[in-house]
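# Architecture at a glance
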Amino acid sequence: MNNTITHSGVIEKIDQNQITVRIEQVSGCASCKVAGQCNASERKEKRVEVCCDNPAIHRVGETVVVSADAKVGRRAVVWGFGLPLILLLVCILGIKAWTGNDGLAALVAMLSLACYYAILYLLRQKIRDKLTFEIS
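The following refers to the structure shown.

Reading the values: the criteria
For every chain, the first residue of its written sequence is number 1, and the numbers climb from 1 along that sequence. Per-residue local features are limited, in this predicted model, to residues with pLDDT of at least 70; the limit for side-chain atom pairs, both in listing and counting, is 80 or more; totals at the level of whole chains, interfaces and linings are taken over all residues. Excluded from the side-chain calculation are hydrogens and water; included are all heavy atoms of the structure. The term salt bridge refers to a pairing of a side-chain nitrogen on Lys or Arg with a carboxyl oxygen on Asp or Glu at a separation within 4 Å. Secondary structure elements are taken from DSSP: a helix is a run of H or I of four residues or more, a strand is a run of E of two residues or more, and numbering for both begins at the N terminus. The rule is simple: take the accessible area with a 1.4 Å probe, protein chains only, and divide by the maximum for that residue type; under 20% is buried, over 50% is exposed, in between is partly exposed.

This brings us to the pattern of salt bridges. On inspection of all chains with the given rule, the structure shows six salt bridges. The closest approach of N and O atoms between Glu45 and Arg22, which form a salt bridge, is 3.9 Å. Of the two residues, Glu45 sits in strand β3 (residues 43–51) while Arg22 sits in strand β2 (residues 18–26), which places them 23 residues apart along the sequence. Under the relative-accessibility criterion, Arg22 is labelled partly exposed at 29%. A salt bridge links Glu45 to Arg47, with the nearest nitrogen and oxygen atoms 3.7 Å apart. The exposure class assigned to Glu45 is partly exposed, which follows from its relative accessible area of 46%.

What follows is the structure, given as structure tokens:
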């Protein structure tokens, strides 16, 4: 089994040690002939920032393949969805069991999520260092 995630994209911007690559994500049915009339087809553009030691070898408009280790994807899912879900459930169940108040449990759970995502935002540079992409 291949343990890398790859996407092809186009270089949009080159800074000192950072390259911005535009990736077009297409759902499985977007290539269908009737996708234009169907609401199920999905097409999204994403921008990925890739750290590069030698950005001079690349040009804006160049088509490249961006890759990351599958562990990076799993780590991102855990930080973005798994831990917040656990935090939400622990807060709701804990406050509900402690006070018996559903409204308070929901309020504390939502505030805990707001705090969690604020902390993620403040730590975004450290997280960015752990969630790296490469041009291959």
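There's more to say after this.
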